[in-house]
Amino acid sequence: MRRRRHGYRNHHRAPVTTAATPRGEEVTNVRTQVDNPIIDWRKDDDGVVVLTLDDPTQEVNTVHKGFVAELTKVVARLQAEREELSGVVITSGKSTFVAGGDLNEIVGLGGEDAAAFTAHLNHIKAQLRTLETLGIPVVAAINGSALGGGLELALAAHHRLVVDAPRLQVGLPEVGLGLLPASGGIVRTVRMLGVRAALDSVLLSGRRFRPEEALKIGLVDELVGSADDLLPRAKQWIAEHPEAAQPWDRKGFAIPGGSPSGGPLFAELTFLSSTLRAKTAGAPVPEQRAILAAAVEGAQVDIDTAGLIESRYFVEIAIAPIAKNRINLTFFDLQRIKSGASRPAHAPVHRFSSVGVVGAGMMGAGIAYAAAKAGFDVVLVDTSLEAAEKGRAYSAKVAARAVDRGQRTQADADALVARITATDRIADLGGADFIIEAVFENLALKAAVFGEIDRVVGQEAVLGSNTSTLPITSLAAGVDRPQDFVGVHFFSPVDRMPLVEIIRGESTSDDTLANAFDLVLQLGKTPIVVNDSRGFFTSRVIIARLNEAVAMLGEGVPAASIEQAALQMGYPAGPLQLLDELTLTLPRDVREEARAAAEAAGESWTAHPCHAVFDRLIDELGRVGRAGGGGFYDYDEQGRRNGFWSGLAEQFPNQAPCPPLRDLSERLLFAEVLEAWAAHAAGVIESSWDANVGSLMGIGFPAWTGGVLRFLDQYDGGKAGFVARAEQLAARYGERFRPPASLVDAAGRPELSA
Ligand code: NAD
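Residues numbered from 1 in each chain as written. Predicted model: local features only at pLDDT ≥ 70, side-chain atom pairs only at ≥ 80, totals over all residues. Heavy atoms only, no water.

The name an unreviewed UniProt entry assigns to the protein chain is 3-hydroxyacyl-CoA dehydrogenase, from the organism Nocardioides immobilis. The UniProt entry for the protein chain carries the following text under Catalytic activity (unreviewed entry): "a (3S)-3-hydroxyacyl-CoA + NAD(+) = a 3-oxoacyl-CoA + NADH + H(+)". (UniProt positions renumbered as here; feature names shortened; annotations may be inferred.)

Below is the structure:
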């Protein structure tokens, strides 16, 4: 089968304005100079003013400074003419209502901007307060998604009408970017829903709600069947409610559920803050704490004071690095990847329709599921029909779970599984456009399998391997067309892990690399591009963290402190727990291969203090990890973790004093960052965005950092601060922390970015 070729679209457009869209992806808009107003004013004969938000300079409406300036004028005019008006309808001329704030304005904020930005936020709030206290009814006629600043505008209306459209979403998702709502979103949801409900269901989760869900929790007031029904219904509501006012502006108003200063709500909030603590395991989540504080403090004062509190918390968070890191990753690094910045630009875009997966074990079965889910026809091969069918049954199981959760219809799930053909005949791969091999990790076996594959597939089929450790260049050397060979390294479990590391071998052609990139995007996953090297990128970096943890244990640091140091830094799991899952022999095998290769090449080999600890655990103590009955932890019969192995403290006695927790945490972080820098400096990973996204999505580098190379620049004092601290760690804990000359050099020249 020939691959269909499409012209390559050049996506490399500099983002000028970005905003959160309903599905969370970025929208790029280019502002142009035009005279049309952002907010159209139309006064009807019935005295109702219809304000239509339709920014002529953007594809979606966002709350940028120009928008606020125009809102100010419109509010002033409403106030001036209010005696002649019977009501106001706010709607949008675009398919979304308002997508949110302008992140470019936020990402550039520094400490010196704090006062001005606080004043800007308070100015927005003043406009919204004026709008809701005009003395005439205001209706938000929400025809498309209203998120963040968009919903906050609607919250200042007396009535929120929403079209019951399946893709429409409303919510305050700021927390997902390390921010908090700042245009009254906290203040008003707390007064509408109560402190606990606002925090729990809207503010701390950042959830985007479908119209009927939003109605149910009270975030909106009424649904209409179609956009055409909005205006008539809005006008009807206005006619029926000439005295409309916000509940909080009526006499005797009390926040639903009561004030947080005492009684049952106080107990509930204590519970909530301890739940927050448990959920985040003490990781840096300043935005969540700020949301909690703004809600609780704001509930004890009048609405205008509550607004000031909200602004101050926002600015404190927005000028600090964490929010910028998160925005940078989500909206800039990820966007670069999706727009193909790491993809050979001249290679034509291919749309694949069929995939062959060889090896129906854990990874092959997961890859087959991901491909069938994305609409591909899949041929899944194993050595026996039974094994292949078992791999296909995995898709049936995952799809059935999605049906149970209401995420998929039964017909949909059946169609997904029907797209997979299970077989024991390699010859059945004949029609596949792209082969992904996932047999046992063995060079000779893989070479033999590729020999067979190449005999049956078309000459245009791409040959991909999911190997986690074998060099792609060596594997490619075994086939007749190494230029068509590429590494496609999926992560386990494939159905949940979004990242795929694409590995370019020495002979991999640009077209093949581009093909792999296109396939990964078509699978709905996120590709990063890496040059062939031992451990590729992600494995190499995560192993540096795991090795450091094991070295600490060898020094006599208590295992619980090691795990805690990782969790409090925002790693999703402790390194010892991860190692147990991975099996301790795996990093040792990788190390032995690396040692053999270095020795064969006549290069020097430096032992890491973790090596002796690994050897002891495996060879003397028989502790290899969960699969082998136990490692750092004990496991019960169901395989559940059952506390640390009791022999651990005896075998690795705790030394006093334990180093400061900050040192332990930073040893884990610095080990990874230094390894990532070395890989970057050696050209294994060429772009900082691939490194950042790969570290967060593939190996759980803490989200607040914005990624492993971003960490260098956002460290206190930037790269120079990082270098100074690395020197300190080297003096205390070993030469492996000594920053390399390339980093010291880059630190002295801030114009060089990571
Ligand atoms: P697995 O043992 O679960 O599955 C391997 C499958 O390959 C088995 O079903 C086996 O029967 C089949 N197989 C063996 N020889 C075959 C042949 N000649 N033809 C067809 N099928 C054959 O292994 P896995 O964990 O799925 O790993 C597969 C590959 O993916 C390995 O290269 C591994 O390094 C890599 N990988 C694994 C992970 C992981 O977390 N397990 C992550 C990334 C990459």
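The secondary structure content of the protein chain amounts to 29 helices and 25 strands. Against the globule reference of 27 Å for 754 residues, the protein chain gives a C-alpha radius of gyration of 29 Å, in line with a compact fold. Projected onto its principal axes, the C-alpha positions of the protein chain cover 90 × 65 × 55 Å. The buried share of the protein chain, reckoned over its 754 residues, is 56%. Summarising the internal contacts of the protein chain: among those between residues at least 6 apart in sequence, 73% fall at separations of at least 24. Counting only carbon and sulfur atoms, one obtains 52% of the accessible surface of the protein chain, whose full area is about 30,500 Å². Each charge class in the protein chain can be summarised by its mean position, and for the 75 positive and 93 negative side chains these summaries are 1 Å apart. (Helix = DSSP H or I, 4+ residues; strand = E, 2+ residues; numbered from the N terminus. Rg over C-alpha atoms; globule rule 2.2 N^0.38 Å. Buried < 20%, exposed > 50% of the residue type's maximum accessible area, 1.4 Å probe, protein only. Contact = heavy atoms within 4.5 Å. Areas by Shrake-Rupley, 256 points an atom, 1.4 Å probe, with all protein chains shown as cover. Lys, Arg positive; Asp, Glu negative; His and termini not counted. Charge placed at Lys NZ, Arg CZ, Asp CG, Glu CD.)

Taken together, 21 residues surround the ligand, and among them M363, D382, E441, K446 and S468 come closest. Here M362 contributes a backbone N or O atom positioned 3.0 Å from an oxygen atom of the ligand. V439 places a polar main-chain atom, nitrogen or oxygen, 3.3 Å from an oxygen atom of the ligand. Notes on the ligand: free accessible area 830 Å², of which the protein chains cover 76%. Those elements that provide at least two residues to the shell around the ligand are α13 (362–373), α16 (443–456) and β21 (485–490). Examining the composition of the shell around the ligand, we find that three residues originate from one element, α16, more than from any other. Taken together, the residues of the shell around the ligand break down into ten nonpolar, eight polar and three charged. (Near = heavy atom within 4 Å. Polar contact = N/O pair within 3.5 Å; in protein donor to acceptor, adjacent residues only side chain to side chain. Nonpolar A, V, L, I, M, F, W, Y, C, P; charged D, E, K, R; others polar.)

Relative to the assigned elements, D690 resides in helix α26 (residues 688–699). Within the local environment of D690, its side chain forms a polar contact with the side chain of S342, the two groups lying 2.8 Å apart. At 3.3 Å, the side chain of D690 forms a polar contact with the backbone nitrogen of V529. Sequence-distant contacts of D690, defined by excluding residues within four places in its chain, comprise I337, S342, P527, I528, V529 and I685.

Empty space among the atoms can be located by rolling a probe the size of a water molecule over them. Each pocket or cavity is described by its volume, and for the second largest pocket that value is around 1,300 Å³. In terms of lining, the second largest pocket is formed by 36 residues, of which the most central are R540, A594, W605, T606 and E675. For the lining of the second largest pocket, the elements supplying multiple residues, two or more each, are α19 (538–555), α22 (585–600), α23 (610–620) and α25 (661–681). (1 Å grid on protein atoms, 1.4 Å probe; cavity = no way out; pocket = protein on both sides within 12 Å on 5 of 7 lines; lining within 4 Å. Points joined across faces, edges and corners; volume = space filled by probe spheres on them.)

Peptide bonds are, in most cases, trans, and in most cases residues other than glycine have a negative phi. A cis amide bond links S492 with the next residue in sequence, P493, at an omega value of -5°. Position of P493 among the secondary structure elements: in the loop between β21 and β22 (499–504). Backbone torsion omega between A656 and P657 reads -5°, so that peptide bond is classified as cis. Positionally, P657 belongs in the loop between α24 (647–651) and α25. For F536, which is not glycine, the phi dihedral falls at a positive 50°. Tracing the backbone shows F536 in the loop between β23 (526–531) and α19. Relative accessible area serves as the criterion here: at 0%, F536 is assigned to the buried category. The backbone phi angle of T583 is positive, close to 85°, even though this residue is not glycine. Structurally, T583 can be placed in the loop between α21 (575–582) and α22. When its relative accessible area of 19% is taken as the criterion, T583 is described as buried.

By the secondary structure assignment, R496 is in the loop between β21 and β22. R496 sits in the exposed class, given a relative accessible area of 65%. Once the C-alpha coordinates of R496 and Q568 are considered, the two residues, 72 residues apart in sequence, prove to be 24 Å apart.

Of all hydrophobic cores here, the largest spans 101 residues; its most connected members are L51, L78, I90, V170, L179, L199 and F314. Ranked by the residues each element gives to this core, the list is headed by helix α11 (residues 303–318), at eight residues. With 96 residues, the next largest nonpolar core counts F450, F670, A691 and V708 among its residues. (Core = buried A, V, L, I, M, F, W, Y, C linked by side-chain atoms within 4.5 Å.)

A word on the pattern of salt bridges. When the charged atoms of two side chains with opposite charge come close together, those side chains can pair. Under the defined criterion, the tally for this structure stands at 48 salt bridges. Residues D54 and K94 are paired through a salt bridge, measuring 3.0 Å at the closest nitrogen-oxygen approach. In this pair, D54 is assigned in the loop between β5 (48–53) and β6 (62–63) and K94 in the loop between β7 (87–92) and β8 (100–101), connecting sequence segments 40 residues apart. Note that R640 is salt-bridged to D636, the shortest N-O span being 3.0 Å. Ionic contacts of the salt-bridge type, sharing partners, join the residues R588, R591, E592, R595, D615 and D619 into one network. (Salt bridge = Lys/Arg side-chain N within 4 Å of Asp/Glu carboxyl O.)

This part is about the confidence of the model for the protein chain. Of the residues in the protein chain, 94% have a pLDDT of 70 or more, and the chain-wide mean is 92. In the model, residues 1–34 has pLDDT below 50 throughout and makes 105 contacts with residues more than four positions away in sequence or in other chains. (pLDDT = per-residue confidence, 0-100.)

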